Amino acid sequence: MPTNTYHLLDSGNQQKLEQVGPYLLDRPCPQAVWPKRLPDSQWDRADAVYIRNNKGGGHWEYRSKLPEKWTIEHAGCRWIIKPTGFGHLGIFPEQADNWQWLERRIRASANGPFPTLNLFAYTGGSSMAMARGGAQVTHVDASRGVVGWARENADGSGCPGDSVRWIVDDAMKFCHRELRRENLYRGIVLDPPSFGRGPTGQFWKIEEDLLDLLQVCGKLTAAAGPALLLFSCHSPGFSPKVMDNLVRAVYADGSLEVGEMTIPETANKRVLPAGVYARWWRD
């Protein structure tokens with residue numbers, strides 16, 4: 001099994017065991033309510049375990065000395081991995097199919113300029129996929145440090161230097177400004193958090209703000225011709241049918257598919273559900 005990439009080895013008892021490059025990590029996974037398949041002796045080999053507290057945060061317990069960051073290859077890109085204080089690593093393997101879809105659709109559609117917008121863009125997986133497909137990408141995230149992290153990923157993955165425009169801003173404010181400027185897009189990607197704050201304290205709550213953002217996205221992609229939307233979500237309560245209803249309320253024409261994002265376990269045919277997606281396109 002290659003060691004310089006990502007593998008989901010096992011899941012169960014609300015945990016997941018991951019091989020991330022040379023290191024074995026044990027992280028919480030609330031949806032994994034089934035029993036583990038690997039023996040405890042395998043789980044006990046984890047180099048680090050993330051312990052969640054009852055306030056929504058947590059901390060890492062290290063059994064081995066890990067570097068502050070390391071690099072792996074996954075889904076055609078190079079990723080800088082950094083175990084964060086809130087349990088993330090900087091890579092979301094469940095998005096791999098979505099990245100392939102973005103690259104494929106843009107390659108098929110981009111017979112001219114294909115400007116795209118990646119909102120809540122985090123470490124840049126969708127930005128790199130769209131750039132590989134030939135799009136001109138605007139990458140927007142509220143965290144300056146995370147935008148820098150994404151830029152390092154893109155540079156390490158060989159993305160052309162002028163293919164991505166890097167923006168530190170609140171997603172909602174940026175979209176409303178682009179609409180006033182009449183800057184339109186052929187593609188939009190968003191993976192909004194349940195809660196969040198913009199760089200100057202703007203507050204985001206998905207149940208209250210999402211529909212407004214989707215409506216603005218609909219206006220930003222309203223021009224005739226090929227267009228796409230990738231909307232993914234990890235918030236509790238968002239099922240594929242919820243995603244279908246939300247997107248169809250804004251994007252009435254075109255084609256739409258919805259489903260679950262999953263991560264396959266390496267040693268068997270079981271897959272771990274890890275959020276939902278809606279993919280809309282117009283040819």
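Check the entry above for the structure.
This one's a predicted model, so the numbers in the text were calculated from it and none came from an experiment.

Calculation rules
Each chain carries its own residue numbering, running from 1 in the written order of its sequence. Reporting of local features is limited, given that this is a predicted model, to residues whose pLDDT is at least 70; pairs of side-chain atoms are given and counted only at 80 or more, and all residues count toward the totals for whole chains, interfaces and linings. Note that water and hydrogens are dropped before the side-chain values are worked out from all heavy atoms of the structure. Segments assigned H or I by DSSP are reported as helices when at least four residues long, segments assigned E as strands when at least two residues long, and all are numbered from the N terminus. For the radius of gyration, the atom set is restricted to C-alpha positions; the globular benchmark scales as 2.2 Å times the number of residues to the power 0.38. Any residue under 20% of the maximum accessible area for its type is buried, any over 50% is exposed, and the rest in between are partly exposed; the area is computed with a 1.4 Å probe on protein chains only. Residue contacts are defined here by distance: any two heavy atoms, one from each residue, within 4.5 Å place the two residues in contact. Per-residue and other accessible areas were derived by the Shrake-Rupley procedure at a 1.4 Å probe size, with only the shown protein chains allowed to occlude residues. We score Asp and Glu as negative and Lys and Arg as positive, and we do not count His or the chain ends. The atom standing in for a charge is NZ when the residue is Lys, CZ when it is Arg, CG when it is Asp and CD when it is Glu. Any two strands with at least two DSSP-identified bridges between them are counted as paired. For helices, the fitted axis covers only the stretch in contact; all axes are lines through C-alpha atoms, and the angles between them, taken along N-to-C directions, range from 0 to 180 degrees. The working definition used for a salt bridge is a side-chain nitrogen of Lys or Arg within 4 Å of a carboxyl oxygen of Asp or Glu. The term polar contact refers here to a pair of N or O atoms within 3.5 Å; inside protein, the definition further demands a hydrogen-donor-capable atom paired with an acceptor-capable atom, and it admits residues adjacent in sequence only when both atoms are side-chain atoms. Between 30 and 60 degrees the pair is tilted, below 30 it is stacked and above 60 it is edge-to-face, where a pair is any two Phe, Tyr or Trp rings, Trp via its six-membered ring, whose centres lie within 6.5 Å. The criterion is that NZ of a Lys, or CZ of an Arg, lies within 6 Å of the ring centre and within 35 degrees of the ring normal, and then a charge sits over that ring.

## Regarding the overall build of the chain
Piece 1. Helix and strand counts for the chain stand at seven helices and 16 strands.
Piece 2. Relative to the compact-globule value of 19 Å for 283 residues, the chain shows a C-alpha radius of gyration of 19 Å, a close match.
Piece 3. Expressed along its principal axes, the backbone C-alpha trace of the chain runs to roughly 60 × 40 × 40 Å.
Piece 4. Relative to its 283 residues, the chain shows a buried fraction of 52%.
Piece 5. In the chain, the share of contacts with a sequence separation of at least 24, taken over all contacts with a separation of at least 6, comes to 59%.
Piece 6. For the chain, the exposed surface amounts to about 13,200 Å²; the carbon and sulfur share of it is 50%.
Piece 7. Where the 33 positive side-chain charges of the chain centre and where its 31 negative ones centre are 2 Å apart.

## Quick word on the sheet that holds strand E3 (residues 23-28)
Piece 1. If you walk across this open sheet you meet the five strands as E1-E2-E3-E4-E5, and the pairing is mixed. Since the sheet does not close on itself, it has two edges, and those belong to strand E1 (6-12) and strand E5 (58-62), each with one partner. With direction set aside, neighbouring strand axes in the sheet form an average angle of 20°.
Piece 2. Bridge analysis of E1 against strand E2 (residues 15-20) gives six bridges, and the strand direction is antiparallel. Looking at the pairing, Ser 11 lines up with Lys 16 of E2.

## Observations concerning the side chain of Asp 170
Piece 1. On the secondary structure map, Asp 170 appears in the loop between strand E10 (164-168) and helix H5 (171-181).
Piece 2. Buried and without a salt bridge, Asp 170 has Lys 173 as its closest oppositely charged side chain, separated by 6.5 Å.
Piece 3. Only 2.9 Å separates the side chain of Asp 170 from the backbone nitrogen of Lys 173, close enough to count as a polar contact.

## Describing the packing of aromatic side chains
Piece 1. Tallied over the entire structure, the rule returns eight aromatic pairs.
Piece 2. Here Trp 79 and Trp 99 contribute two aromatic rings whose centre-to-centre distance is 5.2 Å and whose plane-to-plane angle is 25°, an arrangement assigned as stacked. Of the two residues, Trp 79 is situated in strand E7 (residues 77-81) and Trp 99 in helix H2 (residues 96-109); the sequence distance between them amounts to 20 residues.
Piece 3. Trp 79 sits in the buried class, given a relative accessible area of 1%.
Piece 4. An aromatic cluster is present here, built from Tyr 50, Trp 60 and Tyr 62 joined pairwise through their rings.
Piece 5. Over the ring of Trp 43 we find Lys 36; its NZ or CZ atom is 3.9 Å from the centre of that ring.
Piece 6. Just above the ring of Trp 149 sits the side chain of Lys 82; from NZ or CZ to the centre is 4.7 Å.

## Quick look at the pattern of salt bridges
Piece 1. Overall, the coordinates contain 16 salt bridges when judged by the stated rule.
Piece 2. Measuring nitrogen to oxygen at the nearest pair gives 3.0 Å for the salt bridge that ties Arg 132 to Glu 103. With a gap of 29 residues between them, Arg 132 in helix H3 (residues 125-133) and Glu 103 in helix H2 connect regions that are remote in the sequence.
Piece 3. For Arg 132, a relative accessible area of 26% translates into the label partly exposed.
Piece 4. Exposure remark for Glu 103: the relative accessible area of 18% places this residue in the buried category.
Piece 5. The shortest N-O distance in the salt bridge between Arg 165 and Glu 178 comes to 3.8 Å. Linking Arg 165 in strand E10 with Glu 178 in helix H5, this pair joins segments that are 13 residues apart in sequence.
Piece 6. A residue is classified by how much of its surface remains accessible, and Arg 165, at 40% relative accessible area, is partly exposed.
Piece 7. Classification of Glu 178 by relative accessible area gives buried; the value is 1%.

## Details of the sheet that holds strand E9 (residues 136-141)
Piece 1. With mixed pairing, the seven strands of this open sheet are ordered in space as E10-E9-E8-E11-E14-E16-E15. Lying at the two open borders of the sheet, with one neighbouring strand each, are E10 and strand E15 (255-264). Along the sheet, successive strands turn relative to each other by an average axial angle of 15°, direction set aside.
Piece 2. As paired elements, strand E14 (residues 227-233) and strand E16 (residues 271-282) share seven bridges and run antiparallel to each other. Of the residues in E16, the one forming a bridge with Leu 230 is Arg 279.
Piece 3. Across the sheet, H2 touches strand E8 (115-119), strand E11 (187-190), E14, E15 and E16, and the angle it forms with E14 is around 175°.
Piece 4. On top of the sheet, H5 reaches E8, E9 and E10; it is set at about 155° to E8, its chief contact.

Such coordinate-based values are descriptive only and should not be taken to indicate function.
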